Structure formats: C-alpha cells, structure tokens
Amino acid sequence: MGVAIGAACRDRTVAFASTFAAFFTRAFDQLRMGAISQTNLNCCGSHAGISIGEDGPSQMALEDLALFRSIPGCTVFYPSDAVSMEYAVQIAANTKGICFIRSSRPNTPVLYKNDEPFKVGQAKVVVSHTDDKVLLIGCGVTLHEAVKAAEELGKTGIHARVIDPFTIKPLDRAVIEHAKACGGRVVTVEDHYPEGGIGDAVCSLLAEEKGVVVKKLAVKSIPRSGPASVLLEKFEIDAKAIVKAATQILSM
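The structure contained in this document is the topic of the report that follows.

Helix and strand counts for the protein chain come out as nine helices and 10 strands. The C-alpha atoms of the protein chain give 18 Å as radius of gyration, which agrees with the globular expectation for 252 residues (18 Å, within 12%). Per-residue burial over the protein chain gives 52% buried out of 252 residues. Contacts in the protein chain between residues far apart in sequence, at least 24 positions, make up 78% of those at least 6 positions apart. Accessible area for the protein chain stands at about 11,400 Å²; split by element, carbon and sulfur atoms hold 51% of it. Distance from the positive charge centre (27 side chains) to the negative charge centre (27 side chains) of the protein chain: 4 Å.

Looking at the element boundaries, Ser 51 is found in the loop between strand E2 (42-46) and helix H3 (64-69). Here the side chain of Ser 51 touches Asp 191 through a polar contact of 2.9 Å, side chain to side chain. Leaving out residues up to four positions away in the same chain, Ser 51 has contacts with Pro 106, Val 141, Asp 191 and Ala 228.

This next bit is on the sheet that holds E2. Judged by pairing direction, the sheet is mixed, and its five strands sit side by side in the order E1-E2-E4-E3-E8 without closing on themselves. Strand pairing shows two members of the sheet lacking a second neighbour, strand E1 (16-20) and strand E8 (167-169), which therefore form its edges. Geometrically, the sheet is characterised by an average inter-axis angle of 20° between neighbouring strands, direction not taken into account. Where strand E3 (residues 75-77) and strand E4 (residues 99-102) come together, three bridges link them in parallel fashion. Bridging across to E4, Thr 75 finds its partner in Cys 99. Packed on one face of the sheet, helix H4 (residues 82-93) meets E1, E2, E3 and E4 and runs near 170° to E4.

Before going further, it helps to examine the nonpolar core. Formed by 40 residues in total, the largest nonpolar core has its most connected members in Phe 68 and Phe 100. Of all elements in the fold, only helix H1 (2-9), H3, strand E6 (134-138), helix H6 (174-181) and helix H7 (198-206) reach the threshold of two or more residues within this core. Element by element, the count of residues in this core is highest for H7, at five residues. Residues Leu 143, Val 147, Val 189 and Leu 231 belong to the second largest nonpolar core, which totals 30 residues.

Quick look at the environment of Lys 215 now. Position of Lys 215 relative to the elements: it lies in strand E10 (residues 213-217). Spatially, the C-alpha atom of Lys 215 lies 23 Å from that of Met 60, the residues being 155 residues apart in sequence. Once residues within four sequence positions are removed from consideration, Lys 215 is found in contact with Val 186, Val 187, Thr 188, Ala 245, Gln 248 and Ile 249. At a separation of 3.4 Å, a polar atom in the side chain of Lys 215 contacts the side chain of Gln 248.

A few words on the packing of helix H5 (residues 141-155) against helix H9 (residues 239-250). Axis separation between H5 and H9 bottoms out at 8 Å; the angle between their running directions is 60°. Comparing their axes, H9 and H5 come out oblique. Judged by the sense of rotation from one axis to the other, the crossing of H5 with H9 is right-handed. Along its contact with H5, which presents Thr 142, Glu 145, Ala 146, Lys 148, Ala 149, Glu 152 and Leu 153, the element H9 presents Ala 239, Ile 242, Val 243, Ala 246 and Thr 247.

Enumeration according to the criterion identifies nine salt bridges in this entry. For Asp 132, the salt bridge identified is with Arg 161, shortest N-O distance 2.8 Å. Pair noted here: Asp 132 is in the loop between strand E5 (124-127) and E6 and Arg 161 is in strand E7 (residues 160-164), with a separation of 29 residues, a long-range link. By the burial criterion, Asp 132 is buried, and Arg 161 matches it. A salt bridge links Glu 145 to Lys 148, with the nearest nitrogen and oxygen atoms 3.3 Å apart. Taken together, the positions of Glu 145 and Lys 148, both in helix H5 and three residues apart, correspond to about one turn of that helix. Since its relative accessible area comes to 12%, Glu 145 is described here as buried.

What counts, and where the lines are drawn
Residues numbered from 1 in each chain as written. Predicted model: local features only at pLDDT ≥ 70, side-chain atom pairs only at ≥ 80, totals over all residues. Heavy atoms only, no water. Helix = DSSP H or I, 4+ residues; strand = E, 2+ residues; numbered from the N terminus. Rg over C-alpha atoms; globule rule 2.2 N^0.38 Å. Buried < 20%, exposed > 50% of the residue type's maximum accessible area, 1.4 Å probe, protein only. Contact = heavy atoms within 4.5 Å. Areas by Shrake-Rupley, 256 points an atom, 1.4 Å probe, with all protein chains shown as cover. Lys, Arg positive; Asp, Glu negative; His and termini not counted. Charge placed at Lys NZ, Arg CZ, Asp CG, Glu CD. Polar contact = N/O pair within 3.5 Å; in protein donor to acceptor, adjacent residues only side chain to side chain. Pairing = 2+ DSSP bridges. Axes fitted to C-alpha atoms, helices over the stretch in contact; angles between N-to-C directions. Core = buried A, V, L, I, M, F, W, Y, C linked by side-chain atoms within 4.5 Å. Parallel < 35°, antiparallel > 145°, perpendicular 65-115°, else oblique. Left-handed = near helix turned anticlockwise from the far one by under 90°. Salt bridge = Lys/Arg side-chain N within 4 Å of Asp/Glu carboxyl O.

All quantities given are derived from atomic positions and should not be read as evidence of function.
Structure follows, in structure tokens:
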C-alpha cells in the first residue's frame, strides 16, 4: 500500500492495489495519510461480505464500506455485474483521489448491456413501474436479491422499484426523488455490517426529507462459515427477508 500510494503521488503510474477487501483494514493508516498526500490510489477489494461463504468471518469484509467512506475525497464504487465492474475500473483509473472498488465472490447475472453508460454519482434504475409502493436499494449480491424480491412482491400486487447506486460515495441525489415517488418507503439491503454502509449512506442523504422511512437490512452480528445462500438467509439479507421488510414498511 505504501509503495502504491507513493507511486501514485508521484504520477509514475496508475496504481491499483488489490486484495481481499477485509485486509484493507490493516492499511487504514496508510490510506489516511495517502488522502492527506493527495494520492490517486485505486484499491480493489474482493471477497466482500458473508456471500463468500465457507471462507469464514476472518475473510469476510463487513467494515470496508465504512472505512473507505470515512476517507476524505474517496470515491466508493460497488459494481453489481461484470459490465459495471469494467466501467468502475476504467472510471477509477481516471478519477482523482483515492478510489475503492468493492467486488463480490459469487457468480451474478449480467444486468447491463456492454455499452451502458456509467458515471460517478449516477444510480441505475433496475426495476420500476408507474405505481411503485416501496424503493429497494442494494449492491452486488443484494441487488440481485432485491430484484428477486421485487418479482415476488409483484405476484402479490405490490410494485417495488429497485435501484443500483453504483457508487456509494458519492450517492446519487436522485435517490431522494425515487424515495418520494415510492411514498417515502425505502428498504436498503447490504452484505456489510449496519454501521457505515449503504443504509447509513442512504439515511444521511434522506435525513432532512419529510415523510421518508428507511428500513435497513444488514449483517447484524458476527457471521460464521457456511454456504453463501444459507448465510444470506440466516442473516436476513436475502430475497425472502427483503419481501418481509417491504411488507412491514408498507404496514407502517
């Protein structure tokens, strides 16, 4: 990390430092000082969250979004498929300051066409209807779970809008209008601890908006090793949990 920060500060290369996202916690001091040095370092963190499964909690990045969101001037990317990942790398390489790209281990479906345009601070609407009742926000594996949940809710006559933020910092301010269009009912779901992640970013954005309620789904205790699908269900960040949360917020 120190070498990458130094090389980037000297503009000698477009530096990418890559490891399991959990291990960046060991380099927080270098990252903090890198921000002060105005480095253009790019960090790629893989194996994020409980969805890595059998590797266990020591390898599961569940604090990384909070870490990188706390760094001044840091841009935090959270791509959800192969196409958005490619664009995240390209954009990060051309973005000033520290950039963090969070990636998941499981295979996920491709959501976007190869020529889909992506920009920092610009979210994507993945599912929408004219009479949406609840807004679902997820990234990576949880975005795909949110899509499944929207399909299940649709079968009961409840239309849900699904948003892919693409960048968690900065977060697209259009989320405010999407929340209002869905009656002020928002469910965030993330493969991360509740503190400092997607839910907190959304709550910060919506803090001064009247009539908006946010229900946060996250990994609320120290996880364990196991199959990814089993862990997503146990820690209530899968499609079934999202349907339950959406139903609860609609009854409030």
